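Observations on the model geometry
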There are 2 protein chains.
Amino acid sequence: MKKERELYRDFLKSKNLKFTKPRLIIMETVFENHEHFNVDNLYELIKKKHKNVSRATIYRTVPLLVESGLIKQSLRCESKDIYEHTYGHENHLHFVCDNCGKIIESGFSDVAILIDLLAKNENFEIKEYNLGASGLCKDCQKKKDN
Amino acid sequence: MKKERELYRDFLKSKNLKFTKPRLIIMETVFENHEHFNVDNLYELIKKKHKNVSRATIYRTVPLLVESGLIKQSLRCESKDIYEHTYGHENHLHFVCDNCGKIIESGFSDVAILIDLLAKNENFEIKEYNLGASGLCKDCQKKKDN
DNA sequence: TAAGTAGTTGAGATTCATTCTCATTAAAGT
DNA sequence: ACTTTAATGAGAATGAATCTCAACTACTTA
Ligand SMILES: [Mn+2]
Ligand SMILES: [Mn+2]
Ligand SMILES: [Zn+2]
Ligand SMILES: [Zn+2]
């Protein structure tokens, strides 16, 4: 969290943006949490800490965290954008269960190598991977068998 | 288009849904078009043919086309869901340019094999792949170099 | 550390894709 | 044709995300 804070501060400075209290609260809350999250989750987590930040400010700050490279928008569930940490986290892909909504993470393994190759063929410069699949998790497969 | 129509009709029948004129117009328009599309595109294409179908009906019908396996929701651009044909089309992945919005398609190659392996490790049963990356297309890389 | 400057905040209004409601219409079977 | 049941169009409603603006605060400079 120390390092994230430095990066964030430097990022803000480089953009002539101010390191304000709400921005700090949001950033801290984001990194205290270790799950995928959406703006609403974040709002609730902040309230639970008896801090107060408006939804508007969260909506304004999350894109800054994304631009700084600390988090990324990784999924979309129930019509809401879902974010997750990127700083200090390996790339991974998501298996999302259509039935129960569970999100299973799995390492990239060699997938990235292949994708890089395909991208090179198209002269495309990849900034961010977006890999996953939907289907049925282990538990929900059983349920369907009944 | 003949085959799509059969499948669609059978699908509807299997669900005790009616094969109505609006549903036919929508399906035909979807398969006359060969680009990624959203509900608004579709609405305009239908109007251009001097047919008339309400947006509400399009919003109701697109999920039927998805459920029938003829199309899938494959991307989200400018806050809108983007669809594409699946019937008669190979799986492929999308490289989306952050700068100009261009969408480049590329064959799966062996990516699916690797992903299947990862899924098997998690006992996850894949119904649909969702693979891609964002970054800069060839042209936009040049622009940035200036 | 006071004053100046420029970016930031909260509250609520606004936008816009998508979904819903409901009275009317149309498909399919008999 | 008659009956049943689902579908349609129009417009209202929903809800995530964005915007507006007056009040506020972080940083700079003297
Ligand atoms: Mn994740
Ligand atoms: Mn495609
Ligand atoms: Zn599940
Ligand atoms: Zn481009």
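Everything here concerns the structure above.
What this report covers is the structure whose coordinates are included nearby. (Residues numbered from 1 in each chain as written. Chains lettered and ligands numbered in written order. Predicted model: local features only at pLDDT ≥ 70, side-chain atom pairs only at ≥ 80, totals over all residues. Heavy atoms only, no water.)

Description of the coordination of the zinc ion (ligand 4)
We apply this condition: Listed donor atoms are N, O and S within 2.8 Å of the metal (Na, K and Ca: 3.2 Å). As water is not included, a site may look incomplete. All geometry calls rest on donor angles, where a four-donor set with angles between 85 and 135 degrees is tetrahedral, four- and six-donor sets with opposite donors more than 155 degrees apart and all others between 65 and 115 are square planar and octahedral, and all else is irregular.
Surrounding the zinc ion (ligand 4) are the protein donor atoms Cys97 of chain B (SG), Cys100 of chain B (SG), Cys137 of chain B (SG) and Cys140 of chain B (SG), which sit 2.2 to 2.4 Å from the metal. Taken together, the four donor atoms coordinating the zinc ion (ligand 4) span angles of 103 to 115° at the metal, a pattern that classifies the geometry as tetrahedral.

Regarding the sheet that holds strand E4 (residues 103-107) of chain B
Convention followed: When DSSP finds at least two bridges between two strands, those strands are taken to pair. In DSSP terms, a helix is any run of H or I states spanning at least four residues, a strand is any run of E spanning at least two, and both are numbered starting from the N terminus. Here, axes are lines fitted to C-alpha atoms. For helices the fit covers the stretch in contact, and angles between N-to-C directions go from 0 to 180 degrees.
Judged by pairing direction, the sheet is mixed, and its six strands sit side by side in the order E4(A)-E3(A)-E5(A)-E5(B)-E3(B)-E4(B) without closing on themselves. Either end of the sheet is taken by a strand with one partner, and the two such strands are strand E4 (103-107) of chain A together with E4 of chain B. Taking each pair of neighbouring strands and ignoring which way they run, the sheet shows an average axis angle of 25°. Where strand E5 (residues 125-136) of chain A and strand E5 (residues 125-136) of chain B come together, 11 bridges link them in antiparallel fashion. Its bridge partner being in E5 of chain B, Asn130 of chain A is matched across the sheet by Gly132 of chain B.

Let's talk about the protein's contact with DNA strand C
What counts, and what does not: Being near a molecule or strand, for a residue, comes down to having at least one heavy atom within 4 Å of it. Any N or O atom pair separated by 3.5 Å or less is treated as a polar contact, with the protein-specific requirement of one donor-capable and one acceptor-capable atom, and with residues adjacent in sequence counted only for side-chain atom pairs. Under the grouping applied here, Gly and all other residues not named as nonpolar or charged are polar, the nonpolar ones being Ala, Val, Leu, Ile, Met, Phe, Trp, Tyr, Cys and Pro and the charged ones Asp, Glu, Lys and Arg.
The environment of DNA strand C is made up of 21 residues, and the closest members are Lys18, Thr20, Arg23, Thr57 and Arg60 of chain A. Taken together, the sugar and phosphate atoms account for 68% of what DNA strand C places within 4 Å of the protein. Within the contact set of DNA strand C, a base nitrogen lies 3.2 Å away from a side-chain nitrogen or oxygen of Lys18 of chain B. With respect to DNA strand C, the side chain of Tyr59 of chain B contributes an N or O atom lying 2.9 Å from a phosphate oxygen. Listed by contribution, the elements that provide at least two residues to the surface near DNA strand C are helix H2 (21-32) and helix H4 (55-67) of chain A together with helix H4 (55-67) and strand E2 (80-85) of chain B. Among the residues making up the surface near DNA strand C, the classes are represented as seven nonpolar, six polar and eight charged.

As for the coordination of the manganese ion (ligand 1)
Residue and element names in this part refer to chain A. Of the protein atoms, only His36 (NE2), Glu84 (OE), His92 (NE2), His94 (NE2) and Glu105 (OE) coordinate the manganese ion (ligand 1), at distances of 1.9 to 2.2 Å. Each donor residue of the manganese ion (ligand 1) belongs to the same chain, and together they define the spacing H-x47-E-x7-H-x1-H-x10-E. Here His94 lies in strand E3 (residues 92-97) and Glu84 lies in strand E2 (residues 80-85), a separation of 10 residues in the sequence.

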